[in-house]
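The chain contents come next:
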Amino acid sequence: VQLQASGGGLVQAGDSLRLSCAASGRPFGIYGVGWFRQTPGKEREFVAGVHWSTSTTFYGDSVKGRFLVSRGDASILLYLSMNSLKPEDTAVYFCAARYSARGSLDSVETYDYWGQGTLVTVSS
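A. Spatial organisation of the sheet that holds strand 8 (residues 76-82). The sheet built from four strands is open, its strands ordered 1-3-8-7 with antiparallel pairing. At either margin of the open sheet sits one strand with a lone partner, and together these are strand 1 (3-6) and strand 7 (67-71). Across the sheet, the axes of successive neighbouring strands diverge by a mean angle of 15°, strand direction being ignored. In this sheet, strand 3 (residues 17-23) lies alongside strand 1 in antiparallel orientation, the contact comprising four bridges. In the sheet register, Ser6 faces strand 3, and the bridge partner there is Ser20.

Okay, structure coming up:
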């Protein structure tokens, strides 16, 4: 499956933004999908994810209560609605998908497919 994240941009602190993750098709057998982010010199960080069959959502501690992850329809696999954005949310955001049930949904190493990232910049 091929993934492509979009929707990033430059916003001010307190603003909202919605990211989309498009898939090349309707991937069958997916176990989970997630959003991660990365800044230069830092490891990729889990942001939010969905257990596909149950639609159970999971969030990183730094975004709980501000971000909302949701499944899409048609060609969009996943959305990430980001509210009350902070300068520390500035990063390249990636969407990813996994087929294996082994390991936790917030673990970078368990994801099989990654899309190109989209840059989110939050100014103070």
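B. Up close: the state of the cysteines. Applying the stated criterion to the full structure yields one disulfide. Residue Cys21 pairs covalently with Cys95 via a disulfide, S to S 2.2 Å. The S-S bond linking Cys21 to Cys95 shows a torsion near 70°; that makes this disulfide right-handed. Here Cys95 lies in strand 9 (residues 91-98) and Cys21 lies in strand 3, a separation of 74 residues in the sequence. Taking the relative accessible area as the measure of exposure, Cys21 reaches 1% and is therefore buried.

The rules behind the values
- Residues numbered from 1 in each chain as written.
- Predicted model: local features only at pLDDT ≥ 70, side-chain atom pairs only at ≥ 80, totals over all residues.
- Heavy atoms only, no water.
- Pairing = 2+ DSSP bridges.
- Helix = DSSP H or I, 4+ residues; strand = E, 2+ residues; numbered from the N terminus.
- Axes fitted to C-alpha atoms, helices over the stretch in contact; angles between N-to-C directions.
- Disulfide = S-S within 2.5 Å.
- Buried < 20%, exposed > 50% of the residue type's maximum accessible area, 1.4 Å probe, protein only.

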